[in-house]
Structures are given as C-alpha cells and as structure tokens.
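# Reading the structure
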Amino acid sequence: MALWASSSSSSQKLFIASPALKHGNGRSRSRNARRDLDSVVHVGMAEGVAIAYEEGERERPKWAEETPFSRLVKAFVSFKPLYSVLKLGARQVLISTAEKNNIRWREMRREILESDVYNELHSIENPSLQYPDYYLSPFHAYEEGNLSWMVSMLFFKAAAEAEAATMSMTRRAIPYASSNEEATQELRGNWLQAIKQHHMKHSGNATIETILDIGCSVGLSATFLADEFPSAKVTGLDLSPYFLSVAQFKEKKRAPRKNPIRWVHAAGEDTGLPSKSFDLVSFAFVFHECPERAIIALVDEAIRLLRPGGTFALTDQAPKSKILQELSPALFTLLKSTEPFLNEYFLTDMEGRLREAGFVNIKTMLTDPRHMTMTATVPHQHV
Ligand SMILES: C[S@@+](CC[C@H](N)C(=O)[O-])C[C@H]1O[C@@H](n2cnc3c(N)ncnc32)[C@H](O)[C@@H]1O
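Since the model is a prediction, treat every value here as computed from it, not as a measurement.

### A word on the overall build of the protein chain
In terms of regular secondary structure, the protein chain is built from 17 helices and 11 strands. Relative to its 383 residues, the protein chain shows a buried fraction of 53%. Considering only residue pairs separated by 6 or more positions, the protein chain has 75% of its internal contacts joining residues 24 or more positions apart. Summed over its atoms, the accessible surface of the protein chain is roughly 18100 Å², and 55% of this surface lies on carbon and sulfur atoms.

Below is the structure:
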C-alpha cells in the first residue's frame with residue numbers, strides 16, 4: 001500500500017477509515033477524530049489507526065536551550081576522551097538497534113566497501129573545492145589533510161554506512177510502522193506531498209522541471225525526488241565526494257532514467273550554479289548538521305538559485321515535535337555527541353531566517369512524529 005497517499009491526501013478519508021485517534025507519543029484515546037485531524041496536516045497509520053503527529057507545548061526542546069544542564073553537557077562533550085567514548089557508545093547502540101530492526105547495517109557496508117565504488121571518485125571530486133571550516137573540524141586530527149588514504153578510507157566507510165544510518169533514522173521516526181519500507185514511505189511520502197502541495201498552491205501552476213537537492217549524501221533524497229518528478233532534471237549536490245561516489249555508483253545500477261541525475265561536488269552555500277535556474281531547491285536532513293551561519297548562507301544561496309515563484313523545501317528535525325521535546329536528557333546527550341551543531345539548529349529561528357532572505361508563503365508542518373517540512377516561495381516579482 002502506498003501509505004503516504006492515503007495518509008496525507010485527505011483527512012476526511014482518514015476520519016471515515018478510522019474513528020479512533022492515537023497520538024504519536026503512544027497515548028491513545030477515542031474521541032471525535034475529525035476535530036483533531038483538522039488541526040494536524042499530516043498523519044500516519046498504525047494498525048489501521050490514524051496517528052496524529054503531535055506538537056509539544058514549547059517552541060523547541062528545553063534541552064536545546066542554555067540551561068545549567070545543557071552547559072554541563074556541552075562541557076562533557078567538549079572533553080575529548082569522554083566525547084570519543086560517548087561517540088563509540090552511540091555508534092554501537094545505533095548499529096545494534098538497526099540490526100534488530102532488520103536493517104542489514106554491516107552487510108550493506110561490506111557490499112559497498114567490496115564494490116568498485118572507488119572508481120567513481122575521480123569523476124566526481126572537485127579537487128579545488130574549498131571546504132567550509134565547520135565541515136572539516138572533526139578531521140583536524142589527521143595531519144596529512146583530508147585526502148590522505150587513511151582518511152579517504154574512513155570517509156568511504158561513513159559513505160558505505162549512510163544508507164543504513166538513514167534507514168535507522170527513518171525507523172526511529174516511525175516506530176509504529178510494520179516494516180522499514182512502510183516507515184520510508186510515510187517519511188518520504190509526506191515530505192514529497194508537502195512539496196507538491198506547496199508548489200501547486202503558490203507557483204502559479206508552473207510544473208517542476210528543475211530540482212536541486214543540496215546535501216544529497218548518498219543520493220536517497222535525490223532519487224526520491226527524481227522518482228516523484230520523472231520529467232524534471234534533478235541535480236544532487238554535496239560536500240562529500242565519497243557520499244557522491246556512492247550515489248553515482250548506486251544510480252548506475254538502476255534502470256536508466258529519461259533524465260539522469262547529475263551529481264555535483266560543491267558547497268551548498270557557494271554552488272557556482274547559475275542564478276534563477278531551479279524550480280525547487282530542497283534540503284533534506286542537512287540543516288541540523290550545520291551551524292547557524294552556514295544555514296543563513298545556504299538559505300541565501302537557495303533564493304539566488306530559484307526562479308521567481310520557485311519553491312524552497314527543507315525537511316529536518318522538528319523543534320515543535322512533542323516526542324523530541326520529551327526526549328530524556330540522557331538520550332539528548334548521546335545524540336549531541338554525534339551532532340555538534342544540533343543545539344544551534346534547534347535555537348535557529350528558521351522561519352525568521354527564510355523571511356529575512358526574502359521568501360514568502362512560509363509554511364511549517366510536521367510530516368512525521370519527529371520531523372517537519374518547511375516550504376516557502378520566492379516572490380514572483382523577485383529580482
Ligand atoms: C544527513 S545527510 C543528508 C541526507 C539526504 N539528504 C537524505 O535525505 O537522505 C547531510 C548531508 O549534508 C551534507 N552537507 C552538510 N553541509 C553541507 C553544505 N554546506 N553543502 C553541501 N552539503 C552539505 C553532508 O555532506 C551530508 O551528506
């Protein structure tokens with residue numbers, strides 16, 4: 001079943017199918033579902049019951065704010081030996097949880113590492129690319145710089161694990177799904193649906209012909225976009241030539257598309273691509289990895305690249321998600337140990353940043369229990 005089609009297209013349909021409404025945090029109550037479904041934009045289904053993606057009472061999780069506890073966590077995490085232990089712990093938890101959920105983490109990694117993926121690097125990598133400092137910081141320890149063989153192997157290892165890591169993230173977001181495929185359909189389907197609805201409503205009926213997926217990693221978001229908009233030309237752009245090598249390698253294994261995806265190794269804040277050349281610029285799960293100054297630069301570049309009437313779309317962790325707001329401080333500490341800019345992301349006034357850049361029709365909605373999709377338009381009269 002194409003879950004997203006039934007879950008996001010019509011609240012009326014869900015109301016008929018499902019008189020009981022179960023909230024995303026697991027609490028369940030029978031009541032007039034119509035009123036609740038009207039107040040949420042997207043809902044999922046678990047065992048035939050509609051799941052409302054519930055907002056918490058705060059603007060953002062308390063643990064993201066400057067509190068004595070968060071300062072303590074910051075001090076802990078900046079203590080390198082402890083950071084390494086935490087990171088190792090977080091990784092082990094991630095892999096074992098994934099494998100319990102039928103995500104073949106180590107097998108998937110081996111399949112990539114033992115393949116010919118390495119041959120893609122030379123055609124992808126832009127050797128003169130200047131990496132932003134925040135992107136390189138975890139690798140300062142390597143004296144030979146980021147292109148040494150050892151570091152190169154480390155990066156390929158990360159690239160080989162990226163798809164399994166993404167599947168785990170998806171499964172964590174939709175724990176009530178009966179399979180990994182169902183979780184993926186809900187998370188990606190609602191995101192695509194939000195983009196389509198926004199573009200249809202605000203672009204003056206223009207079709208989406210050109211798409212830029214900034215931070216495409218190993219190509220999952222770009223391939224979802226290409227599958228959803230088969231007549232569009234899709235460009236996947238990322239700072240990592242290793243992730244892009246995996247993206248290109250995997251795409252070559254699929255049936256050829258009418259419009260092959262183009263992979264570009266560049267910084268999203270300085271793409272070198274022509275102004276006003278895209279109908280849709282998308283950032284899927286990128287901003288939580290960036291400091292605020294990078295987010296501002298990425299948004300400015302997006303508005304430069306979009307045509308008037310074009311659509312900006314970002315999907316990422318939702319500060320208003322009730323589940324995220326209720327995460328235990330211990331879990332947050334673990335999360336924080338692998339995500340150095342998570343706090344900064346949660347503290348950023350994202351809608352405000354889009355307004356400052358010049359976007360209009362800004363809309364934010366939860367598209368699964370943990371994530372939001374924020375869409376916006378470049379004004380038609382934008383110069
Ligand atoms: C979590 S991954 C994105 C996953 C992917 N979009 C998806 O939906 O499956 C974040 C990606 O953003 C990329 N990235 C981070 N900062 C970037 C920047 N300034 N420009 C381009 N890519 C960036 C990273 O290299 C990484 O591949």
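### Remarks on the site of the ligand
Taken together, 21 residues form the shell around the ligand, and within it Tyr 134, Tyr 135, Gly 215, Asp 238 and Glu 269 come nearest. Here a nitrogen atom of the ligand sits 2.8 Å away from a polar atom, N or O, in the main chain of Gly 215. A distance of 2.6 Å is found between an oxygen atom of the ligand and a side-chain nitrogen or oxygen belonging to Asp 238. Of all elements in the fold, only helix 8 (133–136) and helix 11 (220–228) reach the threshold of two or more residues within the shell around the ligand. For the shell around the ligand, a count of residues per class yields 13 nonpolar, four polar and four charged.

### What to know about the pairing of strand 9 (residues 306–317)
Within strand 9, 10 of the 12 residues are buried, leaving the element largely enclosed by the surrounding structure. With six bridges joining them, strand 8 (residues 278–284) and strand 9 adopt parallel strand pairing. Residue pairing in the sheet places Phe 278 in a bridge with Leu 306 of strand 9. When strand 9 meets strand 11 (residues 371–377), the two strands line up antiparallel, connected through seven bridges. The partner of Ala 313 across the bridge, within strand 11, is Thr 375.

### Comments concerning the side chain of Thr 223
Structurally, the position occupied by Thr 223 is in helix 11. At 2.8 Å, the side chain of Thr 223 and the backbone oxygen of Leu 220 are in polar contact. Beyond its immediate chain neighbours, meaning those up to four positions away, Thr 223 contacts Glu 251, Arg 254, Arg 257 and Ile 261.

### Quick notes on the sheet that holds strand 6 (residues 233–238)
Pairing is mixed in the open sheet, where seven strands are placed in the order 7-6-5-8-9-11-10. A strand with exactly one partner marks an edge of an open sheet, and here the two such strands are strand 7 (262–265) and strand 10 (360–366). The average angle at which neighbouring strand axes cross in this sheet is 15 degrees, direction not considered. Lying on the sheet, helix 13 (residues 292–305) is in contact with strand 5 (210–214), strand 8 and strand 9; it crosses strand 9 at an angle near 145 degrees.

### Examining the packing of helix 10 (residues 180–202) against helix 11
It is the contact of helix 10 with helix 11, at a shortest axis distance of 11 Å, that shows an interaxial angle of 60 degrees. Judged on the interaxial angle alone, helix 11 and helix 10 are oblique. With respect to the hand of their crossing, helix 10 and helix 11 are arranged in right-handed fashion. Between helix 10 and helix 11, the residues in contact are Thr 184, Arg 188, Trp 191, Leu 192, Ile 195 and Lys 196 and Leu 220, Ser 221, Phe 224, Leu 225 and Glu 228, respectively.

### Things to note about the pattern of salt bridges
Taken as a whole and assessed by the stated rule, the structure comprises 20 salt bridges. Here Arg 104 makes a salt bridge to Glu 107, at a shortest N to O gap of 3.0 Å. Two residues, Glu 163 and Lys 250, come together in a salt bridge whose shortest N-O distance is 2.3 Å. Residue Glu 163 is located in helix 9 (residues 149–173), and its partner Lys 250 is located in helix 12 (residues 241–253); the two are separated by 87 residues in the primary sequence. One network of salt bridges, in which partners are shared, links Asp 227, Glu 251, Arg 254 and Arg 257.

### Examining unusual backbone geometry
Glycine aside, a negative phi is what most residues show, and trans is what most peptide bonds show. A positive phi angle, near 50 degrees, is found at Lys 276, a position not held by glycine. Relative to the assigned elements, Lys 276 resides in the loop between strand 7 and strand 8. Even without glycine at this site, Phe 285 takes up a positive phi of about 60 degrees. Judged by its relative accessible area of 13%, Phe 285 falls in the buried class.

Criteria and cut-off values
- Residues numbered from 1 in each chain as written.
- Predicted model: local features only at pLDDT ≥ 70, side-chain atom pairs only at ≥ 80, totals over all residues.
- Heavy atoms only, no water.
- Helix = DSSP H or I, 4+ residues; strand = E, 2+ residues; numbered from the N terminus.
- Buried < 20%, exposed > 50% of the residue type's maximum accessible area, 1.4 Å probe, protein only.
- Contact = heavy atoms within 4.5 Å.
- Areas by Shrake-Rupley, 256 points an atom, 1.4 Å probe, with all protein chains shown as cover.
- Near = heavy atom within 4 Å.
- Polar contact = N/O pair within 3.5 Å; in protein donor to acceptor, adjacent residues only side chain to side chain.
- Nonpolar A, V, L, I, M, F, W, Y, C, P; charged D, E, K, R; others polar.
- Pairing = 2+ DSSP bridges.
- Axes fitted to C-alpha atoms, helices over the stretch in contact; angles between N-to-C directions.
- Parallel < 35°, antiparallel > 145°, perpendicular 65-115°, else oblique.
- Left-handed = near helix turned anticlockwise from the far one by under 90°.
- Salt bridge = Lys/Arg side-chain N within 4 Å of Asp/Glu carboxyl O.

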